[in-house]
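# Results of the structural survey
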Amino acid sequence: MAVPGTERKGSCFWCLKAVKWIPVLFIITIVAWSYYAYVIQLCLITVENTIAQIFYFIFFHLFFFMFCWSYAQTIFTDIGRVPNNFRLAEADFEAYLHHNDSLELQNRILENCSKNLPVTNVTIGGTVRFCDKCKMIKPDRTHHCSVCGECVLKMDHHCPWINNCVCFTNYKFFVLFLGYALLYCIYICLTSLPYFIAFWKGDLQGMGSFHILFLFFVAIMFGVSLMSLFGYHCYLVLENRTTLEAFRPPSFRGVGADKYGFHLGRFKNFKEVFGEDAKTWFLPVSTSNFLLPNASS
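Description of the structure in this document. Keep in mind that this is a model prediction, so the values were computed, not measured. (Residues numbered from 1 in each chain as written. Predicted model: local features only at pLDDT ≥ 70, side-chain atom pairs only at ≥ 80, totals over all residues. Heavy atoms only, no water.)

## Topic: the nonpolar core
Test applied: Throughout this description, the term nonpolar core refers to a set of buried Ala, Val, Leu, Ile, Met, Phe, Trp, Tyr and Cys residues connected via side-chain atoms within 4.5 Å. For each residue, the accessible area found with a 1.4 Å probe, counting protein chains only, is set against the maximum for its type, and the residue is called buried under 20%, exposed over 50%, and partly exposed in between. The way it works is that DSSP assigns letters per residue, a run of H or I at least four long becomes a helix, a run of E at least two long becomes a strand, and they are numbered from the N terminus. Contacts are assigned to residue pairs that have any heavy atoms within 4.5 Å of one another.
Counting 51 residues, the largest nonpolar core has Tyr-38, Phe-60, Tyr-171 and Phe-274 as the members making the most contacts within it. Looking at this core, the elements that each hand over two or more residues are helix H2 (22-46), helix H3 (50-76), helix H6 (171-201), helix H7 (208-239) and helix H9 (266-274). Top element by residues in this core is H6. It accounts for 18 residues. Apart from residues lying up to four places away in sequence, Phe-60 is in contact with Ser-34, Tyr-35, Tyr-38, Val-39, Tyr-184, Tyr-187 and Ile-188. Of all hydrophobic cores here, the second largest spans 17 residues; its members include Phe-86, Phe-93, Val-128 and Phe-168.

Right, dumping it as structure tokens:
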């Protein structure tokens with residue numbers, strides 16, 4: 001089914017959309033090769049002990065499955081849409097444009113339109129946050145993504161490695177993706193280390209040994225990068241902040257900038273992202289108890 005508004009897009013538009021998938025395809029290629037190198041070259045060919053083979057095989061597939069599941073959820077979960085009651089009526093938007101020479105009159109129009117909306121965030125200057133591209137008053141923690149071309153609820157950042165925004169709808173999946181990717185790399189490093197050492201001692205021969213060598217190096221490289229990124233996002237979860245809010249604290253009406261404005265206490269902050277049910281905290285399924293703004297039209 002065609003996406004509304006894309007029927008008249010030119011070839012450049014579709015080429016650009018295809019190019020955006022290159023980082024994702026790169027990750028998929030690396031993961032597919034790591035599966036071959038670990039399962040075929042290491043487990044089935046190099047490891048001689050049957051019990052060790054079974055142990056390696058089972059736990060590898062556990063981490064591999066959770067990593068792929070959370071990665072797929074992060075990529076394919078829709079970023080959601082700002083409810084229609086945040087959109088300005090055509091008459092109000094025309095009046096807003098008509099007074100483009102007076103910020104005071106424009107803000108008065110926005111104040112009138114937002115008086116019944118659950119909005120507490122304001123601009124640094126204390127005015128209503130408005131997106132003239134989407135013709136919408138921005139809900140709290142919402143920002144316009146230039147790549148997605150729309151306003152995104154609780155936007156953290158746009159990530160080229162998932163070709164998607166990290167935001168309200170998929171933030172839990174993104175954090176789990178980082179966590180399981182890190183565990184995947186650590187597991188590969190630990191279980192391939194004896195064979196990596198054997199390679200340097202000259203006890204491991206054949207072309208398969210080079211797969212194991214590069215597998216160890218790639219796992220180390222990605223693991224180091226993931227460790228810092230995963231740690232940073234764990235910190236953001238506990239502080240109830242987004243990456244954007246960490247760089248620029250949100251401003252609140254009558255208060256001003258406050259980096260602790262959404263802080264509920266660390267455990268409550270955690271449950272806002274991961275949900276109330278402990279059984280699903282570490283599963284990439286939707287469990288957030290954070291409510292969307294009033295979605296009435």
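## Concerning the packing of H7 against H9
Quick note on the threshold: Note on method: axes are straight lines fitted to C-alpha atoms, helices fitted across the in-contact stretch only, with angles between N-to-C directions ranging 0 to 180 degrees. In what follows, roughly perpendicular refers to angles from 65 to 115 degrees, roughly parallel to angles under 35, roughly antiparallel to angles over 145, and oblique to any angle outside these ranges. Gly is placed with the polar residues, together with every amino acid not listed as nonpolar (Ala, Val, Leu, Ile, Met, Phe, Trp, Tyr, Cys and Pro) or charged (Asp, Glu, Lys and Arg).
Their axes nearest at 6 Å, the elements H7 and H9 cross at an angle of 110 degrees. Considered as vectors, H7 and H9 are oriented roughly perpendicular to each other. Here Val-237, Leu-238 and Glu-239 of H7 come into contact with H9, specifically with Arg-266, Asn-269, Phe-270, Val-273 and Phe-274. Of the residues in the contact of H7 with H9, the class split is five nonpolar, one polar and two charged.

## Regarding a nonpolar patch on the surface
Which entries qualify depends on this criterion: Patch members must show over 30% relative accessible area and no salt bridge, and they are joined within 9 Å when carrying like charges or within 5 Å when they are nonpolar side chains of Val, Leu, Ile, Met, Phe, Trp or Tyr. Using a 1.4 Å probe, the Shrake-Rupley method yields the accessible areas, and only the shown protein chains count as cover for residues. Every case where a carboxyl oxygen of Asp or Glu lies within 4 Å of a side-chain nitrogen of Lys or Arg is listed as a salt bridge.
On the surface, Ile-54, Phe-55, Ile-58, Phe-59 and Leu-62 cluster together to form a nonpolar patch covering roughly 470 Å² of accessible area. With respect to the element layout, Ile-58 can be found in helix H3.

## A few points about the pattern of salt bridges
Applying the stated rule across the entire model yields twelve salt bridges. The salt bridge involving Glu-272 is made with Arg-141; its shortest N-O contact spans 3.8 Å. With Glu-272 in helix H9 and Arg-141 in the loop between strand S3 (136-137) and strand S4 (143-145), this residue pair connects regions lying 131 residues apart in the sequence. The exposure class assigned to Glu-272 is buried, which follows from its relative accessible area of 9%. We note a salt bridge from Glu-272 to Lys-154, for which the minimum N-O separation is 3.9 Å. Placement of Glu-272 in helix H9 and of Lys-154 in the loop between strand S5 (150-152) and strand S6 (157-159) is noted, with a sequence separation of 118 residues between them.

## With respect to H6
As a reminder, the rule being used: How far a helix is expected to stretch is found by multiplying one less than its residue total by 1.5 Å. The term bend refers to the angle at a residue between two fitted axes, each drawn through seven residues, those ending there and those starting there.
The end-to-end C-alpha separation of H6 is 44 Å, in line with the 45 Å expected for 31 residues at 1.5 Å each. The largest bend in H6 is about 50 degrees, located at Leu-193, with the proline Pro-194 one to four residues further on. Here H6 lies mainly inside the structure; 23 of its 31 residues are buried. Following H6 by one or two positions, Gly-202 has its phi on the positive side, about 85 degrees.

## A few points about the sheet that holds strand S9 (residues 256-257)
Defined as follows: Two strands pair if DSSP finds at least two bridges between them.
One open sheet holds the three strands; their spatial order is S1-S8-S9, and the pairing between them is antiparallel. Two strands close off the open sheet at either side, each with one partner strand: strand S1 (121-122) and S9. Where strand S8 (residues 251-252) lies against S9, two bridges are found, and the strand directions are antiparallel. Its bridge partner being in S9, Phe-252 is matched across the sheet by Gly-256.

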